[in-house]
Amino acid sequence: MDFVDYYKILGIKKDASEKDIKKAYRKLARKYHPDLNPGDAKAEQKFKQINEAHEVLGNPENRKKYDKYGKDWMHGEEYEKARQQQQQQRQAYQQQSGGFTGGGSQGFSEGDFSDFFESMFGGRGATGGRSSQFKGQDLRAELQLNLTDVFQTQKQVLTINGEKIRLTIPAGIEDGQTIKIKGKGAPGMNNGPNGDLFIEFNIVNNTDFKRDGQHLYKTIDLDLYTALLGGELTVDTFDGKVKLKIAPETENETKVRLSGKGFPVYKKEGSFGDLIITYQIKIPKNLSEKEKALFKELQKLR
Amino acid sequence: MEKQNLILIQSICVHYDIDQSFLRELHSIGRIEIYFLEEKEFIHEEHVGEIEKMIRMYKDLNVNIEGIDVVFNMLEKERQLKEELADLKRQLQFYRENTK
């Protein structure tokens, strides 16, 4: 367990007055407060440190104890006892939260305190700190799905804090998109509304298609002879095969747009984007003597 | 407007120990909406999260009403820029992969 220098965290001298402490805390809080830095984990971590420093130095009793014993706060009996308690608390919390994390602007109010703080002051902030939320805490979760999973609308049942939540995932959801499930976060206080549950989708492309919103892209190799003379080609689309006619004298990088063969449009049932196919003409390699002779003959005709 | 989704501003003010004038001032600058029903003032539960943020800024960070308005405008601008950046990153990644 490392010693935490709260004076250093707040950037103040050991003999700082209560007013100086408050001023330093407010100045740093205005910079790192999670409400002002949404989604910034580093700022949130920094704010937790600042908050902890303020819990200690902003309270005369805590400050006195910290000044007296802080440096020498070692692995005593008291520390061990506190550590065990803290472990039990953590286990209980993990079971309760079921892998979901409190997040967003409200998560910090339940912020972790360092081992050093918890062993010295025994758990949550001794001064009471900020007032509790009226609205329940928002919960955040990440759900990873394959691109093939989100081609069709699907239903899933998630279990959060023992409660089953039916979730409809509309076809065509984007990577990084978040769905808000109202009122499925932590319960509110004093009849305040429940928090919300935010599920962020992490869509892994497990196909050889490239996706840009509702449109899909694919590059198809085309042999030189088919490109020159034309022909037919069977191509895999996302949900089946299609036969394509190749026009004679097709150029390299020619693009073909297959209307309605792309990805479903989010929340527009039955509406699909396009599949854009790019032909990449492959030049034959390791020509035989006969092939070379024939190509030379063709060259002379040009 | 369904009454069940409305919260008496008094409840929030009691919970957070703030004066009702604070919420009325936020309403007067257009930052929050107050609904009047049966001569009582309510806010919609959808807006409680935002209002709590404003209360934290006011109480914890000492930011005044005008400051809160500026901060929220800038946060909104930041959110839009982040969205735009994420979209551009996605497009760049797409074109990079396509030109390999």
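Residues numbered from 1 in each chain as written. Chains lettered and ligands numbered in written order. Predicted model: local features only at pLDDT ≥ 70, side-chain atom pairs only at ≥ 80, totals over all residues. Heavy atoms only, no water.

The name recorded for chain B in an unreviewed UniProt entry is MerR family transcriptional regulator, from Brumimicrobium salinarum.

As recorded by an unreviewed UniProt entry, chain A carries the name Molecular chaperone DnaJ and is attributed to Brumimicrobium salinarum.

Draft legend 1. Structural detail: the sheet that holds strand 1 (residues 6-8) of chain B. Residues and elements named next belong to chain B. What the three strands build is an open sheet, ordered 1-3-2; its pairing is antiparallel. Among the strands making up the open sheet, the edge pair consists of strand 1 and strand 2 (35-37). Taking the axes of each pair of neighbouring strands and ignoring which way they run, one obtains an average angle of 45° across the sheet. (Pairing = 2+ DSSP bridges. Helix = DSSP H or I, 4+ residues; strand = E, 2+ residues; numbered from the N terminus. Axes fitted to C-alpha atoms, helices over the stretch in contact; angles between N-to-C directions.)

Draft legend 2. Representation of the pattern of salt bridges within the structure. Residues and elements named next belong to chain B. Enumeration according to the criterion identifies 18 salt bridges over all chains in this entry. The partner of Arg79 in a salt bridge is Glu83, with the nearest N and O atoms 2.7 Å apart. Note that Arg79 and Glu83 are positioned in helix 4 (residues 65-98) at a spacing of four residues, about one turn of the helix. We classify Arg79 as partly exposed; its relative accessible area is 39%. (Salt bridge = Lys/Arg side-chain N within 4 Å of Asp/Glu carboxyl O. Buried < 20%, exposed > 50% of the residue type's maximum accessible area, 1.4 Å probe, protein only.)

Draft legend 3. Examining the side chain of Asn37(A) more closely. Checked against the element boundaries, Asn37(A) lands in the loop between helix 2 (18-32) and helix 3 (41-57). The residues touching Asn37(A), leaving out its near neighbours within four places in the chain, are Lys31(A), Tyr32(A) and Ala43(A). (Contact = heavy atoms within 4.5 Å.)

Draft legend 4. Quick look at the packing of aromatic side chains. Residues and elements named next belong to chain A. Taken as a whole, this structure holds 15 aromatic pairs over all chains when the rule is applied. With a centroid separation of 5.5 Å and 85° between ring planes, the pair formed by Phe3 and Phe116 is classed as edge-to-face. Of this pair, Phe3 sits in the segment before helix 1 (6-10) while Phe116 sits in helix 6 (residues 115-121), and the two are 113 residues apart along the sequence. A centroid spacing of 5.1 Å and a plane angle of 40° characterise the contact between Phe117 and Phe121, whose relative ring orientation is tilted. With a gap of four residues between them, Phe117 and Phe121 both fall in helix 6, about one helical turn apart. Residues Phe117 and Phe121 agree in their burial class; the two are buried. (Phe/Tyr/Trp six-rings, centres within 6.5 Å; stacked < 30°, edge-to-face > 60°.)

Draft legend 5. Quick look at the nonpolar core. Tyr6(A), Leu10(A), Leu57(A), Tyr66(A), Phe22(B) and Leu23(B) are the most contacted members of the largest nonpolar core, which totals 50 residues. Every element with two or more residues in this core is listed here: helix 1, helix 2, helix 3 and helix 6 of chain A together with helix 1 (9-16), helix 2 (20-28), helix 3 (48-60) and helix 4 of chain B. Not counting chain neighbours up to four residues away, the residues in contact with Leu10(A) comprise Ile21(A), Ala24(A), Tyr25(A), Leu28(A), Ile50(A), Ala53(A), His54(A) and Leu57(A). (Core = buried A, V, L, I, M, F, W, Y, C linked by side-chain atoms within 4.5 Å.)

Draft legend 6. Quick peek at the confidence of the model for chain B. Across chain B, the average pLDDT comes to 90, with 95% of residues at 70 or higher. Highest mean pLDDT in chain B belongs to helix 2 of chain B (96); lowest belongs to helix 4 of chain B (90). (pLDDT = per-residue confidence, 0-100.)

Draft legend 7. Representation of the UniProt feature "coiled-coil region" (unreviewed entry) in chain B. When the UniProt feature table is mapped onto this chain, "coiled-coil region" (unreviewed entry) is found at residues 71-98 of chain B. The span residues 71-98 of chain B carries 100% helix and 0% strand; its end-to-end C-alpha distance comes to 40 Å. (UniProt positions renumbered as here; feature names shortened; annotations may be inferred.)

Draft legend 8. Helix 2 of chain B, seen in detail. Residue and element names in this part refer to chain B. Among all positions in helix 2, only Phe22, Leu23 and Leu26 are buried. End-on, the buried residues of helix 2 take up no more than an arc of 95°, which puts them together on one face. Immediately beyond the C-terminal end of helix 2, within one or two residues, lies Gly30, with a positive phi of roughly 80°. (Arc of directions from axis to C-beta.)

Draft legend 9. A look at the sheet that holds strand 8 (residues 215-223) of chain A. The strand order 7-8-12-11 (chain A) describes an open sheet built from four strands, whose pairing is mixed. Whereas interior strands pair on both sides, the edge strands pair on one side only; in this sheet they are strand 7 (210-212) and strand 11 (255-258) of chain A. With direction set aside, neighbouring strand axes in the sheet form an average angle of 30°. The pairing of strand 7 of chain A with strand 8 of chain A spans three bridges and is classified as antiparallel. Residue pairing across strands places Asp212(A) opposite His215(A), the latter belonging to strand 8 of chain A. Across the sheet, helix 4 of chain B touches strand 7 and strand 8 of chain A, and the angle it forms with strand 7 of chain A is around 150°.

Draft legend 10. Molecular detail of the interface of chain B and chain A. On the side of chain A, 27 residues touch chain B, which itself brings 25 residues to the contact. The interface formed by chain B and chain A contains three salt bridges. Here Lys182(A) makes a salt bridge to Glu45(B), at a shortest N to O gap of 2.7 Å. One can count nine residue pairs in polar contact (both at pLDDT 80 or more) joining chain B with chain A. Here the residues of the side of chain B that touches chain A sort into nine nonpolar, five polar and 11 charged. (Polar contact = N/O pair within 3.5 Å; in protein donor to acceptor, adjacent residues only side chain to side chain. Nonpolar A, V, L, I, M, F, W, Y, C, P; charged D, E, K, R; others polar.)

Draft legend 11. Representation of the pairing of strand 12 (residues 275-282) of chain A within the structure. All names here are of chain A. The element strand 12 is largely enclosed, with a buried count of six among its eight residues. Note that strand 11 and strand 12 share four bridges and pair antiparallel. Residue pairing in the sheet places Val256 in a bridge with Ile277 of strand 12.

Draft legend 12. Helix 8 (residues 289-301) of chain A, seen in detail. In this model, helix 8 of chain A (13 residues) spans 19 Å end to end at C-alpha, consistent with the 18 Å of a helix rising 1.5 Å per residue. With zero of 13 residues buried, helix 8 of chain A is to be regarded as a mostly surface element. (Expected span 1.5 Å × (residues − 1).)

Draft legend 13. A look at a positive patch on the surface. Residue and element names in this part refer to chain A. Together, Lys19, Lys23, Lys27, Arg30, Lys31 and Lys46 make up a region of like positive charge exposed at the surface. The element contributing the most residues to the positive patch is helix 2, with five residues. Tracing the backbone shows Lys46 in helix 3. By relative accessible area, which is 30% here, Lys46 ends up partly exposed. (Patch = residues over 30% accessible without salt bridge, like charges linked within 9 Å, V, L, I, M, F, W, Y side chains within 5 Å. Areas by Shrake-Rupley, 256 points an atom, 1.4 Å probe, with all protein chains shown as cover. Lys, Arg positive; Asp, Glu negative; His and termini not counted. Charge placed at Lys NZ, Arg CZ, Asp CG, Glu CD.)

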